[in-house]
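# Coordinate analysis (summary)
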Number of protein chains: 2
Amino acid sequence: MSSSSAAPAAKPPMRDALVEAAFRLFLERGYEHTTVDDIVALAGVGRRSFFRYFPSKEDVVFPDHERCLADMTAFLAASGEEHEPVRRVCDAARMVLLMYAENPTFSVQRYRLTKRVPGLRAYELSVVWRYERALAEYLRGRFAGRPDGTLRADVVAAAVVAAHNNALRSWLRSDGEGDAGTAVDHALGFVQRAFGRPAQPPVRAVHLLPPADAAEGRPDDVVVLVSRRDTPVWRVVQEWEAALGRA
Amino acid sequence: MSSSSAAPAAKPPMRDALVEAAFRLFLERGYEHTTVDDIVALAGVGRRSFFRYFPSKEDVVFPDHERCLADMTAFLAASGEEHEPVRRVCDAARMVLLMYAENPTFSVQRYRLTKRVPGLRAYELSVVWRYERALAEYLRGRFAGRPDGTLRADVVAAAVVAAHNNALRSWLRSDGEGDAGTAVDHALGFVQRAFGRPAQPPVRAVHLLPPADAAEGRPDDVVVLVSRRDTPVWRVVQEWEAALGRA
């Protein structure tokens, strides 16, 4: 069978062609020495096409963040009372990982490029900040009326982003080898254990000091904590600390 | 007594005069419409003096971050094994608050300016990132060899920065009224309760299910947790979750 009778290879849309051309040039001659004119020449399109898709040269390096941010915001907006909020923002953060994992080669190339170009580092920080704010805004809504609601929201959002990025960067540094999903799940589980499952059921902790050593508070004295199954972690921690006089 | 016989008012050093002139112009005509030439003209010095102190116009907006970053790094480098690491990074973060609280009027003006000028927002994000990395690097050293050491370091650093900034921003939004120190202490206490005091002493949790209800895991069944006094929070949480089959 001649190749001419085969179905033609799907032509990548113009946007993808621009990203591909841009990265070929960035890798060949460096980000700073590549102009938008160079990119459109290689992609075989006009300047106006470039700016229809990307506001600036920086944006072509991160072509999918706007879509991912929009998807994440929609996902959080579609949440209900039945969703445990910390778990929900962890699930939202996984959407960013999926975007990176869709195309490991491209993600690893971009990671290396971003490390070398200060302007791209700054751009990336602003993107990370927008993800963090999206998570924090959602959590502020869910924690509204709770003591320290905005504090908890901001801290949990920052912790989720830091955990996600810790696992993502390890994966990128290892050239996209291994299972990024498992690493991110593990990292997010760490945050969920620290902050997850809020509510206020009863919990009671008692600090048992051997009488003779009461004044010294020796490390081998004991705390007995009795709690209902559905007690949230933070209440257990609070009671535990209070029993030790640390709260 | 004539004013000429009084001791002359201490003349602010040239650097302070440049910051003062810059902010007067930023507030009068806007950040974008103020040039370095305008600033040096008002301060009565040459362009070269400006660039001796500040690499760019952006840097004059944040004149003390470099010093504060250097102080923080030195403070962390001078830490010993006797310093509980999470408490230590909280103390390091308080150095940033002190810088802001030294001059509330200036800090509030800058906060408003930064909110309006995207370039300054980006600059501020990069500064915050450098503080966070300084804290994380210290914690990575302290948590080295522990399971999830770098993950814990990154998450705690991000949580500390988020808590600090939550309290700092509230204070700045209230025009510098109230006690910023108390608010920041409260916010950092929240993070310390979630992550503080690491070590690995024994802890044991038992999940008591009423036999008849074992299959249902009713919320009123009970967990009894017995731990030594010096058990870190995270171990208590881990055992507590494991007892419930959640870990």
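Just so you know, these numbers come straight off a predicted model, no measurement behind them.

## Here's the deal with the packing of aromatic side chains
- Under the criterion given, the structure shown has 17 aromatic pairs over all chains.
- For the pair B:Phe23 and B:Phe106, a centre-to-centre distance of 4.5 Å together with 70° between the ring planes defines the contact as edge-to-face. A residue pair is termed long-range when its members are at least 10 positions apart, and B:Phe23 in helix α1 (residues 14–29) and B:Phe106 in helix α7 (residues 104–116) qualify at 83 residues. Grouping residues by exposure puts B:Phe23 and B:Phe106 together as buried.
- Ring pairs connect the aromatic residues A:Phe23, A:Phe26, A:Tyr31 and A:Phe106, which therefore count as one cluster.
- Across from the ring centre of A:Phe75, 3.9 Å away, lies the NZ or CZ of A:Arg88, which sits over that ring.
- Lying over the aromatic face of B:Tyr31, B:Lys57 brings its terminal NZ or CZ to 4.2 Å of the ring centre.

## With respect to the packing of helix α5 (residues 65–77) of chain A against helix α8 (residues 118–142) of chain A
All names here are of chain A.
- Packing of α5 against α8 leaves a shortest axis separation of 10 Å and a crossing angle of 5°. On the basis of their axis angle, the class for α5 and α8 is roughly parallel. Here His65, Glu66, Cys68, Leu69, Met72, Thr73 and Leu76 of α5 come into contact with α8, specifically with Val127, Arg130, Tyr131, Ala134, Leu135 and Tyr138.
- Partitioned by chemical class, the residues of the contact of α5 with α8 number nine nonpolar, two polar and two charged.

## Digging into the nonpolar core
- In this structure, A:Phe195 and B:Phe195 are the most contacted members of the largest nonpolar core, which totals 134 residues.
- In this structure A:Phe195 touches A:Val86, A:Arg152, A:Val155, A:Val156, A:Ala159, B:Phe190, B:Ala194 and B:Phe195, once residues within four positions along its chain are discounted.

## Overview of the interface of chain A and chain B
- Of the residues lining the interface, 50 residues belong to chain A; the matching set on chain B comes to 50 residues.
- Carbon and sulfur atoms make up 62% of the surface buried where chain A meets chain B, a total of about 4,600 Å² over both sides.
- The largest contributions to the chain A side of the interface with chain B come from A:Phe190, A:Arg229 and A:Trp240, which together make up 17% of the buried area.
- On the surface where chain A and chain B come into contact, there are two salt bridges.
- Salt-bridge contacts for B:Asp154 lead to A:Arg169; the nearest nitrogen and oxygen are separated by 3.9 Å.
- Summed over the shared surface of chain A and chain B, the result is six residue pairs in polar contact (both at pLDDT 80 or more).
- No other element matches the 11 residues that helix α9 (residues 149–173) of chain A contributes to the side of chain A that touches chain B.

## Points about the relation of the copies chain A and chain B
- In screw terms, the move from chain A to chain B is a rotation of 180° and a rise of 0.0 Å along the axis, fitting with an RMSD of 0.2 Å. Taken together, the rotation angle and the small translation identify this as a two-fold axis. Residue A:Leu225, judged by its C-alpha, is the member of chain A lying nearest the rotation axis, at 2.3 Å.
- Most of the interface of chain A is mirrored in chain B: 100% of its interface residues are interface residues there too.

## Thoughts on the UniProt feature "DNA-binding region" (unreviewed entry) in chain A
- Those places that UniProt annotates as "DNA-binding region" (unreviewed entry) correspond, in this numbering, to residues 35–54 of chain A.
- Helix makes up 75% of residues 35–54 of chain A and strand 0%, whereas the separation of the span's terminal C-alpha atoms amounts to 13 Å.

## Structural notes on the pairing of strand β2 (residues 222–228) of chain A
- Of the two faces of β2(A), the one lined by A:Val223, A:Leu225 and A:Ser227 is fully buried and the one lined by A:Val222, A:Val224, A:Val226 and A:Arg228 carries no buried residue.
- As judged from the seven bridges shared by β2(A) and strand β2 (residues 222–228) of chain B, these two strands associate in the antiparallel manner. When the bridges of β2(B) are listed, A:Val223 appears paired with B:Ser227.

## Looking at the pattern of salt bridges
- Under the criterion given, the structure shown has 26 salt bridges over all chains.
- Note that A:Arg29 and A:Asp38 form a salt bridge whose closest N and O atoms lie 3.1 Å from each other.
- Look at A:Asp38 and you get partly exposed, because its relative accessible area is 24%.
- Linking B:Asp185 and B:Arg94 is a salt bridge whose minimum nitrogen-to-oxygen distance equals 2.6 Å. Of this pair, B:Asp185 sits in helix α10 (residues 180–195) while B:Arg94 sits in helix α6 (residues 85–102), and the two are 91 residues apart along the sequence.
- Among the residues examined, B:Arg94 registers a relative accessible area of 22% and is labelled partly exposed.
- If you follow the salt bridges from partner to partner, you end up with A:Arg133, A:Arg140, A:Asp154 and B:Arg169 in one network.

What counts as what
- Residues numbered from 1 in each chain as written.
- Chains lettered and ligands numbered in written order.
- Predicted model: local features only at pLDDT ≥ 70, side-chain atom pairs only at ≥ 80, totals over all residues.
- Heavy atoms only, no water.
- Phe/Tyr/Trp six-rings, centres within 6.5 Å; stacked < 30°, edge-to-face > 60°.
- Helix = DSSP H or I, 4+ residues; strand = E, 2+ residues; numbered from the N terminus.
- Buried < 20%, exposed > 50% of the residue type's maximum accessible area, 1.4 Å probe, protein only.
- Lys NZ or Arg CZ within 6 Å of the ring centre and 35° of its normal.
- Axes fitted to C-alpha atoms, helices over the stretch in contact; angles between N-to-C directions.
- Parallel < 35°, antiparallel > 145°, perpendicular 65-115°, else oblique.
- Contact = heavy atoms within 4.5 Å.
- Nonpolar A, V, L, I, M, F, W, Y, C, P; charged D, E, K, R; others polar.
- Core = buried A, V, L, I, M, F, W, Y, C linked by side-chain atoms within 4.5 Å.
- Buried area = accessible area lost by both parts, 1.4 Å probe.
- Salt bridge = Lys/Arg side-chain N within 4 Å of Asp/Glu carboxyl O.
- Polar contact = N/O pair within 3.5 Å; in protein donor to acceptor, adjacent residues only side chain to side chain.
- Least-squares fit on C-alpha atoms with pLDDT ≥ 70 in both.
- UniProt positions renumbered as here; feature names shortened; annotations may be inferred.
- Pairing = 2+ DSSP bridges.

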